[in-house]
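Spelled out, the chains give:
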Amino acid sequence: MTTNKDRAIEACRHLSDRNLDPVFAAFDDEGTWTMPYLPERFAFAGRRNKADMRALLDGFLGAFDTFEFRVEQAIADGDWVAIKGASTGTGPGTACYENTYHLLFHYRDGKVLEVRELFDPYQVEAYIQQVEAQGA
């Protein structure tokens, strides 16, 4: 039997592969993805429905030549799964990216109802600055 913990780890594997179709196919129609930062200070902040989050991830992850997301720890409690992870990416050009994450998945009937994603927004901004400096 597939558990919510299994589902969350599998979603992270798909993120690592930049294979977003199964990630968002596993979302409830009412599913949301939240990056709880101040929108006036961080462009990616806020709550998005699955279509808007899919578009954001397509754009962000699509810029990399290589990308890897590693699950370092996963803890489940009923409908909730916490993932501690880290990522590395390169490209375009010489741009490099590294970050650490805490993802909290909330499931309803085996579908993702909510993801709350915490990471270092300064690492995202540093990566974007590298990309812009190259004119990519």
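Structure shown above.
Residues numbered from 1 in each chain as written. Predicted model: local features only at pLDDT ≥ 70, side-chain atom pairs only at ≥ 80, totals over all residues. Heavy atoms only, no water.

Right, let's get into the pattern of salt bridges. This structure, assessed with the given rule, holds 10 salt bridges. Here Glu10 and Arg13 are joined by a salt bridge, their closest N and O atoms 2.8 Å apart. Placement of both Glu10 and Arg13 in helix H1 (residues 4-17) is noted, with a separation of 3 residues, approximately one turn of the helix. The residue Asp21 makes a salt bridge to Arg54 at a minimum N-O spacing of 2.8 Å. On the criterion of sequence distance, the pair formed by Asp21 in helix H2 (residues 20-25) and Arg54 in helix H3 (residues 50-62) is long-range, its members being 33 residues apart. (Salt bridge = Lys/Arg side-chain N within 4 Å of Asp/Glu carboxyl O. Helix = DSSP H or I, 4+ residues; strand = E, 2+ residues; numbered from the N terminus.)

This part takes up the packing of aromatic side chains. In the structure shown here, the tally under the stated rule is 18 aromatic pairs. Centroid distance Phe24 to Trp33: 6.1 Å. Interplanar angle 35 degrees. Geometry classified as tilted. Ring centres of Phe60 and Tyr97 lie 5.6 Å apart, and the angle between their planes is 80 degrees; on these two criteria the pair is classed as edge-to-face. Here Tyr97 lies in strand E5 (residues 96-108) and Phe60 lies in helix H3, a separation of 37 residues in the sequence. The exposure classification of Phe60 matches that of Tyr97, with both residues buried. In this structure an aromatic cluster arises from ring pairing among Tyr37, Phe42, Phe44, Phe60, Phe64, Phe67, Phe69, Tyr97, Tyr101, Phe119 and Tyr127. (Phe/Tyr/Trp six-rings, centres within 6.5 Å; stacked < 30°, edge-to-face > 60°. Buried < 20%, exposed > 50% of the residue type's maximum accessible area, 1.4 Å probe, protein only.)

Moving on to empty space enclosed by the protein. Within this structure, the stated rule accounts for 1 cavity of 30 Å³ or more. Estimates place the volume of the largest cavity at around 220 Å³. Looking at the largest cavity, it is lined by 17 residues, and the ones nearest its centre are Leu57, Phe60, Leu61, Tyr101 and Glu117. Listing elements by their share of the lining of the largest cavity, those giving two or more residues are strand E1 (27-35), H3, strand E3 (66-77), E5 and strand E6 (111-119). Grouping the amino acids of the lining of the largest cavity by side-chain chemistry returns 16 nonpolar, no polar and 1 charged. (1 Å grid on protein atoms, 1.4 Å probe; cavity = no way out; pocket = protein on both sides within 12 Å on 5 of 7 lines; lining within 4 Å. Points joined across faces, edges and corners; volume = space filled by probe spheres on them. Nonpolar A, V, L, I, M, F, W, Y, C, P; charged D, E, K, R; others polar.)

This next bit is on the side chain of Thr34. Mapped onto the elements, Thr34 comes out in strand E1. Of the residues examined, Thr34 reaches a relative accessible area of 5% and is grouped as buried. Side chain to side chain, Thr34 and Arg47 meet in a polar contact 3.4 Å long. If we ignore the near neighbours within four places in the chain, the residues touching Thr34 are Gly46, Arg47, Glu114, Val115, Arg116 and Glu117. (Polar contact = N/O pair within 3.5 Å; in protein donor to acceptor, adjacent residues only side chain to side chain. Contact = heavy atoms within 4.5 Å.)

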